[in-house]
Structure formats: C-alpha cells, structure tokens
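# Observations on the model geometry
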Amino acid sequence: MDLQILSLEGQFYIVKTVDESGSHLLTDRHNAPQKFHCLEEIRDHFAWKSLDDVWLEQQTPYEEMCGLTDDTAPLQIKLNW
C-alpha cells in the first residue's frame, strides 16, 4: 500500500491510501476527510501499517495568482519514510 499525502492551504494535510483496488481518502468518524497537522502525526497514525511508498503532493496557486492558466501538474515528492 502507498500513501499519498496532500498538502493543503490552511496548514493541514489529508491522506489517500493507494492499493490495487484504487485510491481511498482517509475519513474520520463523521465521514469527513481526516485532517492532520504535521507529517509526524501521519507517521504515528500509520505506524502499524507496512507501506511501500509515501508521496507528498503540493498544489501551487502561483500561476493562477499571476493570471496564468493553471496547467502545471502538482509537485510530487517521494518521502524517505
């Protein structure tokens, strides 16, 4: 299983698990996206899981803020987990 960590504006992260059955957003008990405040919090949450790859994805609003089209892919970084 892989983790895809999405860094969102507002200083928090949400997580998707990715396996052979597809991509699944991690939700809380209210079925809302579970929010994390730091990468260490995510690491603690998944400490019991065996993970293959962990990716950090960041969206950048730079092009949109400058009036350009947002045709760039998000920045993805493979983390040494």
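My aim in this report is to walk through the structure given alongside it, one point at a time. If you're wondering where the values come from, they're calculated on a predicted model, not measured in any experiment.

Further remarks concern the overall build of the protein chain. Scanning the protein chain from N- to C-terminus turns up 2 helices and 5 strands. Secondary structure elements of the protein chain, listed N to C terminal, follow the sequence β-β-β-α-β-α-β. Looking at the protein chain as a whole, 25% of its 81 residues are labelled buried. When contacts within the protein chain are restricted to residue pairs at least 6 apart in sequence, long-range pairs at least 24 apart make up 42% of them. Taken as a whole, the protein chain presents about 5,900 Å² of accessible surface, with 50% of it coming from carbon and sulfur.

Sheet topology places strand S1 (residues 2–8) next to strand S4 (residues 54–58); 5 bridges connect them, and they run parallel. Counted as the bridge partner of glutamine 4 is tryptophan 55 from S4. Note that S4 and strand S5 (residues 75–79) share 5 bridges and pair antiparallel. Counterpart to glutamine 58 in the pairing with S5 is leucine 75.

Reading the values: rules and limits
- Residues numbered from 1 in each chain as written.
- Predicted model: local features only at pLDDT ≥ 70, side-chain atom pairs only at ≥ 80, totals over all residues.
- Heavy atoms only, no water.
- Helix = DSSP H or I, 4+ residues; strand = E, 2+ residues; numbered from the N terminus.
- Buried < 20%, exposed > 50% of the residue type's maximum accessible area, 1.4 Å probe, protein only.
- Contact = heavy atoms within 4.5 Å.
- Areas by Shrake-Rupley, 256 points an atom, 1.4 Å probe, with all protein chains shown as cover.
- Pairing = 2+ DSSP bridges.

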